Amino acid sequence: SLFCKASILRNQGRCLETKRVLDQVIACQREKLGKQHPLTVGTLLAVAFNYMDLAKYATAGQVFERTNQLLRKFYGKDHALVAIGLVGLAETFRCKGMYKKAQESHEAALYMRRKILGE
């Protein structure tokens, strides 16, 4: 699938090619499933992480925030995918030098993971 191709490209460090493939995946998912389908939103996490790889931290942060809102809507506030999105958001804060916000987001994600998975 195209998503698998994007994962392989990202693992190879080919971020610009990854972005092009993810754009195709998102376009297809939006057309077939809708903008707010859980699979489409899950793919947005991959898009946000790819923006991190491209050092586009502001854009990544915006995508993480939008994605986290939709994930909370689908799964509730205590879900593993929401925690992953929070970690990504925390990393955007860290990369932008916003260390207090980064720490708060990391702590929220850690709390969530402990709540879901146990100590």
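Below is a summary of the structure that appears in this document. (Residues numbered from 1 in each chain as written. Predicted model: local features only at pLDDT ≥ 70, side-chain atom pairs only at ≥ 80, totals over all residues. Heavy atoms only, no water.)

### Regarding the packing of aromatic side chains
Under the criterion given, the structure shown has 2 aromatic pairs. Judged by centre distance (4.9 Å) and plane angle (80°), the ring pair of Phe49 and Phe64 falls under edge-to-face. Of this pair, Phe49 sits in helix α3 (residues 38-53) while Phe64 sits in helix α4 (residues 57-75), placing them 15 residues apart in sequence. What makes Phe49 partly exposed here is its relative accessible area of 24%. Consider the rings of Phe74 and Tyr75, whose centres lie 6.2 Å apart with planes at 75°: the pair is edge-to-face. Under the relative-accessibility criterion, Phe74 is labelled partly exposed at 28%. (Phe/Tyr/Trp six-rings, centres within 6.5 Å; stacked < 30°, edge-to-face > 60°. Helix = DSSP H or I, 4+ residues; strand = E, 2+ residues; numbered from the N terminus. Buried < 20%, exposed > 50% of the residue type's maximum accessible area, 1.4 Å probe, protein only.)

### Some remarks on the side chain of Thr40
As for its position among the elements, Thr40 is in helix α3. Residue classification places Thr40 among the buried positions, given a relative accessible area of 0%. In this structure, Thr40 is in contact with Ile26, Gln29, Arg30, Leu33, Gly34 and Lys35, ignoring residues within four places of it in sequence. (Contact = heavy atoms within 4.5 Å.)

### Quick word on the packing of helix α5 (residues 80-95) against helix α6 (residues 99-117)
Geometrically, a packed helix pair is captured by the angle between its two axes and the distance between the axes. Look at α5 against α6: their axes get within 8 Å of each other, and the N-to-C directions meet at 165°. Classed by the angle they form, the pair α5 and α6 counts as roughly antiparallel. Of the two elements, α5 crosses α6, and the hand of that crossing is left-handed. Seen from α5, the contacting residues are Ala80, Val82, Ala83, Ile84, Leu86, Val87, Ala90, Glu91, Phe93 and Arg94; seen from α6, they are Tyr99, Lys101, Ala102, Ser105, His106, Ala108, Ala109, Met112, Arg113 and Ile116. When its residues are assigned to classes, the contact of α5 with α6 shows 14 nonpolar, 2 polar and 4 charged. (Axes fitted to C-alpha atoms, helices over the stretch in contact; angles between N-to-C directions. Parallel < 35°, antiparallel > 145°, perpendicular 65-115°, else oblique. Left-handed = near helix turned anticlockwise from the far one by under 90°. Nonpolar A, V, L, I, M, F, W, Y, C, P; charged D, E, K, R; others polar.)

### What about α6?
For α6, spanning 19 residues, the distance from its first C-alpha to its last is 26 Å, which sits close to the expected 27 Å at 1.5 Å a residue. Of all the residues in α6, the buried ones are Ala102, Ser105, Ala109 and Met112. Down the axis, α6 shows its buried residues gathered within 95° of arc, on one side only. Projecting away from the buried face of α6 at angles above 90 degrees are the exposed residues Tyr99, Lys100 and Tyr111. Looking at the buried positions of α6, the neighbouring elements they touch are α5. Just past α6, the residue Gly118 takes up positive phi, approximately 90°. (Expected span 1.5 Å × (residues − 1). Arc of directions from axis to C-beta.)

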